[in-house]
Each structure stands twice: as C-alpha cells, then as structure tokens.
Amino acid sequence: MKKFEILEHVSDLKIRAFGRTKEELFLNMLFGMSENLKPETKDGEKTKREIKIKSNELSTLLVDFLSEVLYLSQVNKEAYFEINFKKFSETEIEAELFGQKVERFNEDIKAVTYHKLELKQKEDGFWEAIVLFDI
Amino acid sequence: MTITKQNFKKINDFLWEIPKSFRQDMKVPARVYVSEKMLEEVFRDESIPQLINGATLPGIQKYAIAMPDMHEGYSVPIGFVGAIKIPDGIISPGATGFDINCGMKLLKSNYSEKEIRPHLDKLATEIQKEVPSGLGRGRQIKLSIGEIDKILEGGTKRLVEQGYGEKEDIENCEAGGRLDWADASAVSSYAKNRGRDQVGTLGSGNHFLEVQKVAEIFDEKIANAFGLFKDQIVIMIHTGSRGLGHQVCTDYLRTMIPAMQRYGIKVPDREFACVPFNSPEGQRYFSAMASAANYAWANRQMIAYFIRKAWKSVLGEKTSPLTVLYDVAHNIIKKEKYLIDGKETEVAVHRKGATRAFPPGHPEIPEKYQSVGQPVLIPGSMGTASYVLVGTKEGEAAFFSTCHGAGRTMSRHEAMRRVSGQEVVKELEDKGIIVKCWSSRGIAEEAPIAYKDIDEVVQVVHNAGLSKKVAKLIPLAVIKGE
C-alpha cells in the first residue's frame, strides 16, 4: 500500500495519504509532511517529543496534529518519522514522536490548512485523507 | 456550477465582472482586472470560484476584487482585495493568509551598473553569507521572548532604536513600520518561539534578494521624486513574517473556526474562519495580525541591515550608503476610509497578494512622496523583471490596491518535471545573471515558466489605472539565503 501521494496544485502542497487504520493514516500523512520539508538529517542524534492534541472532530484533529508536529519540527529543527500513539480517539491524541535532528530543511512548509480537507473510510475499510499545506 | 467567459460582463478592456445575481449567496459582484487574453486563462484553476466565495463575506462592500496575478489559494484566491465594513462586517484570517505582511523593500544606491559590475560577484556572495534563509545553517541568533515582544509592538522602530537602521528607514515604510494596535499578549508562545531565531531571515519558496539595475524609466518626473535613475543599482528584498506569522494564522484559524459557528456565520469554505470584526476573537486576531506585521517589517529591516553590512564590506566603509525607497506589504488587513454610497465608511481592507497603492496627497504616505503618490514594489518571478509603480487616484476603484507579482500558473511539481534546477541556473547565467543559492534544489520550482508574464500583469494594472509604471528593474544577481 502506498503511504501517500502528492496531488497537483498550482501553488501549494496537496497530499493524499492512506491507512489501514486511522492511526496509520495519521502516521502516513505525517510522513508526507516530513518528507516534503526535505530534511537533511544529522547522523545519530535521535530525539523524542510528547504531544497532546484535542480537536472538534477527526478531520480537524488530523490538521491540528500536523500543525503541532510542524511547530515542533521548526522550533527544534527536527524531523519525525515514527510515532507511538498512547491515546487515539475521534477528538484527542496523546503520542510520542520520534525523530532526528536536522542540519537544514530544503523546503519551508508555512502551515497546514483546513481548506477542502477530506478524511473518510472507504468501502473496503481503508482510510484516506487529503490535506493542503501552504508552502 | 461551471463558470465561463460568458458569465462575465465587460466593464472595460481590463476589467470584467460577474454580477451579484450569478450566485444567490453573493453580497456584491466579483470583479477581475485582466486583459481579454488573460481572462481565457483564469479558468485553469479555482481562482474564480474562490473569488465568488469572497463575494459572500458578511459586510463586504462594492466588489470582491481579483488582480491579474491571481491564482488559486485557500478561502479566497491569491490576488484578492475585499473591503469589509466596520463594525457590521467580519474579519478573516484566511482572507489574508498565513504569511502576514509578506512584502517588499527596495534599497537604492548612488551607483550605476558600470561602477558596481566589477564587484558584483563578491557583493552577491557577501550578501548571501550575511542573510540566512533561516532553514538551516547560517547565522543563528536566538532572541529572548522579551525581545520578541518588543519587536511585535515596535516593528521597524524597535530595530532602528537599537542601531539596525536609520530614522529615514521608518519614514520610508508603510505605516512607519509599526501598527500601533499590535499587542504582543495576543500572540501565542508557539508563535513567539517560532520567531525567536528568524529575525533577519529570508525563508524559502518565492522569497528572494536581488541586486537589480534600473533598466527603463517610464515617468521621469516621478522617478526623480523616487530618486531612481537609469542604470542605477538597487537591491530588492522579498519576505514576510516567517514562522511567527504562519503560527499566528494557524492559531487563530483553530480558535475562529468553532467561533464562526457560534456567531452563526455561514461561508462556503471554513478556511475563511471569520468572526465579527468587533467580537473579542476578531479584535484579538486584529492585534495579533498587527504584531506579526510589525515582526515582518522588523525582519525586512534586519535584512536591510545585513545587506548594508555586506555592501560596506565589499565597497568600503566610506562608500555612499543604501537608502530605502519604500517598504510595502502585500498580505495584510488595514482599517481605511472610503466614500461608499456617498458616505464615508470605515472598512477593514483584506489584501491577500495585493499591494496597497495610495494616490498623491494621501495622508498615510511619506511627505516626500505626497506630490507624486506611493511607491509600489512589484517583484517578478526569479530572473525576470520587477517594477516600481506609483499609486493613482483612479486606484480608488480597487480600494487603492494593485497586483503583487507575477502569480503562479504551474504547480511546483509540474515545474520540476519540465526543468531541472541546473537548467534554470544555467539559463539565468546565460542571461548574465549571477545566481547564489546553496543548492539548485528548489530552484526549478521557482522557474520563470511556472509564472505568468510579469510584463503583462503590470501592463494590466497600468492600463486599468490602478497604478502607473515608473521604472522597470532587471536582475543582475539572484540570492537565496544560506
């Protein structure tokens, strides 16, 4: 299964992510975002961050989760590619993020938007979401 | 509903209108400033439906307006101008965007191309060394939260007080580089943290520095008043409020989307996240936006300081200094007054990818430009021309606003599929343009083929009378931060 794909957009970054579960969907969208920051990671330096997010519904929870991770990436100069969800509901996440220190990002993602946000479970039970990032 | 050219009424050769009757929820007509040829191209993306969405905003006056450099964004298109009545209307963080006070600053020298040409490469190298992108290596200064608070409330003024500029830099800046309704307590600690190490950083994407020469003068009298002459070396700065501004918008969207529902406001895209202008949430956002705008002015001021340092280190301590022509935002919300239906009306003008262009005699422009009008700075895409325009009386039809640049027509991916970074760099070098970037990655995304033709865009606003051409600038060196 593909983790995510980039969709055409004239000026911004539009990502469709997939997952067998909601948790995997969130993780794969995180991959999509982290990869598109185009980080040059430093060898060896692993980092761990704790996050707690609350939102009104699952789709906005995804955006708010990504915004939190983006904030941590930029402030700590780290890229995250692993996550351990300690709590995951429709409106709340508690998790540990694992990442690496970054030498530089080659792309600046300004923000995660709610624009035309889509999150759904398909008939085959798989999950899919589309998020637009302002770059 | 499919929109075609047939849905537009021609107002004149450069102005087209979709009447209010087109969609039931429109409160005003939607107007686009384009040539007939450009009108054929506006349907390639979602710009027009997004502009129509903008025409539904509660309190919007006269028209929802799009400039010729419009392209699809979120909520409204980039290139949007909407004047929303105070106090009955809304304020919308989505309709001004994440990069609060993204804008332009232009530094003038007393030298001609001939005099600088022998030093150009060294100058470009030195500028690149001095001005970091803020995304990686390069200068690392981390300011305290207390210092960030002072910048949020003091803008350019705070930096000049500390020796990072001249008194004239304040005067030659929109709003004197400081909006006095800024309130640092309206800005989250997240936003402040993102801003701590980014004062004086360029960012990435379409943000750039260019050493340019004045290639053509269109209006001698006004060029003279602006201190511009043919072959003159000038330096252009394009950047905004960086992570701090992005976080302010993110924070307020998050609180305003649920608040919008509480206020019973219905809009076609939740990214508008609008609330009544005078509501507590609206007022707090307006103060936070002003704080981020002040941060952006401070950011451009600090970059100017670094460039001046590079300038002196290459040309000598006694070289004649770089002075500021002007500094102007193209993503911002400002309170302004207009005559609407015969009555003076206060409006919150939302400009998202549109530049304010005040006419001669306007009280908000520096005294020395009073007789000619406000300088307007329009960057081209990388390696193409940029322009200095001037505000006009006729610009009132668009709430004294004009375009902000070339405007994208192609996705970054498509651009990268078509050309490589190396090809773009080579093409620029073949034209005699020096390119200083730490890597050619990302350069392809900004290739000129991904943008509209800046000359056509500027010609439309010139012919439409929104602002008049004063000078054309062409790049000699393009610099992206380290």
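Because the structure is a prediction, the values reported are computed rather than measured. Sequence positions are assigned chain by chain, starting from 1 and proceeding in written order. Chains carry letters and ligands carry numbers; both start at the beginning, A for chains and 1 for ligands, and go up in the order they are written. Two thresholds apply to this predicted model, a pLDDT of at least 70 for residue-level local features and 80 or more for giving and counting side-chain atom pairs, whereas whole-chain, interface and lining totals are computed over all residues.

With that settled, consider the overall build of chain A. In this description a helix means any DSSP run of H or I spanning at least four residues, a strand means any run of E spanning at least two, and both kinds are numbered starting from the N terminus. When you go through chain A residue by residue, the secondary structure sums to 2 helices and 8 strands. When the helices and strands of chain A are listed from N to C terminus, the series reads β-β-α-β-α-β-β-β-β-β. Radius of gyration (C-alpha) of chain A: 14 Å, near the 14 Å computed for a compact globule of 135 residues. The burial criterion counts other C-beta atoms lying within 10 Å of a residue's C-beta, which is placed from the backbone; the residue is buried at 20 or more, exposed at 12 or fewer, and partly exposed between these limits. Burial analysis of chain A (135 residues in total) assigns 47% to the buried set. The quantity called the radius of gyration is restricted to C-alpha atoms. Its globule counterpart is 2.2 Å times the number of residues to the power 0.38.

Okay, the overall build of chain B next. Along its length, chain B carries 13 helices and 19 strands. Computed over the C-alpha atoms, the radius of gyration of chain B is 21 Å, within 12% of the 23 Å expected from 2.2 N^0.38 for a compact globule of 482 residues. With the C-alpha coordinates aligned to their principal axes, the bounding extent of chain B is approximately 65 × 50 × 50 Å. In this description, a residue-residue contact is defined by the distance between C-beta atoms placed from the backbone, which must lie within 7 Å. Intrachain contacts of chain B at a sequence separation of at least 6 include 77% that bridge at least 24 residues.

In this section: the sheet that holds strand 2 (residues 15–18) of chain B. Residues and elements named next belong to chain B. With respect to topology, 7 strands assemble into an open sheet ordered 1-2-3-4-5-13-12, the strand pairing being mixed. For this open sheet the edge positions go to strand 1 (9–12) and strand 12 (331–340), each flanked by a neighbour on one side alone. Along the sheet, successive strands turn relative to each other by an average axial angle of 30 degrees, direction set aside. As paired elements, strand 4 (residues 60–74) and strand 5 (residues 76–85) share 6 bridges and run antiparallel to each other. The residue bridging Ile65 from the neighbouring strand is Val81, located in strand 5. Against the sheet, helix 2 (residues 47–54) touches strand 2, strand 3 (30–32), strand 4 and strand 5, its axis set at about 15 degrees to strand 5. Criterion used throughout: strands pair if DSSP finds at least two bridges between them. Angular values range over 0 to 180 degrees, each being the angle between N-to-C directions of two axes fitted as lines to C-alpha atoms, with helices fitted over their stretch in contact.

The next subject is the packing of helix 1 (residues 22–36) of chain A against helix 2 (residues 58–76) of chain A. All names here are of chain A. Where helix 1 meets helix 2, the axes come as close as 11 Å, and the angle between the chain directions of the two elements is 45 degrees. As far as their axial angle goes, helix 2 and helix 1 are oblique. Helix-helix and strand crossings are classified by hand; for helix 1 and helix 2 the assignment is right-handed. Contacts between helix 1 and helix 2 involve Phe26, Met29, Leu30 and Met33 from the former and Leu62, Phe65, Leu66, Val69 and Leu70 from the latter. Think of it as three bins: nonpolar holds Ala, Val, Leu, Ile, Met, Phe, Trp, Tyr, Cys and Pro, charged holds Asp, Glu, Lys and Arg, and polar takes everything else, Gly as well. Partitioning the contact of helix 1 with helix 2 into residue classes produces 9 nonpolar, no polar and no charged. An angle below 35 degrees is treated as roughly parallel, one above 145 as roughly antiparallel, one from 65 to 115 as roughly perpendicular, and anything else as oblique. Should the near helix be turned anticlockwise from the far one by less than a right angle, the crossing is termed left-handed; should it be turned clockwise, right-handed.

We now examine the interface of chain A and chain B. Taken together, the contact pairs 25 residues of chain A with 37 residues of chain B. Secondary structure elements with two or more residues in the side of chain A that touches chain B: helix 2, strand 5 (92–105) and strand 8 (127–134) of chain A. Ranked by residues supplied to the side of chain A that touches chain B, first place goes to helix 2 of chain A with 5 residues. Within the side of chain A that touches chain B, the residues separate by chemical class into 9 nonpolar, 8 polar and 8 charged.

Interpretation in functional terms is not warranted from these geometric data alone.
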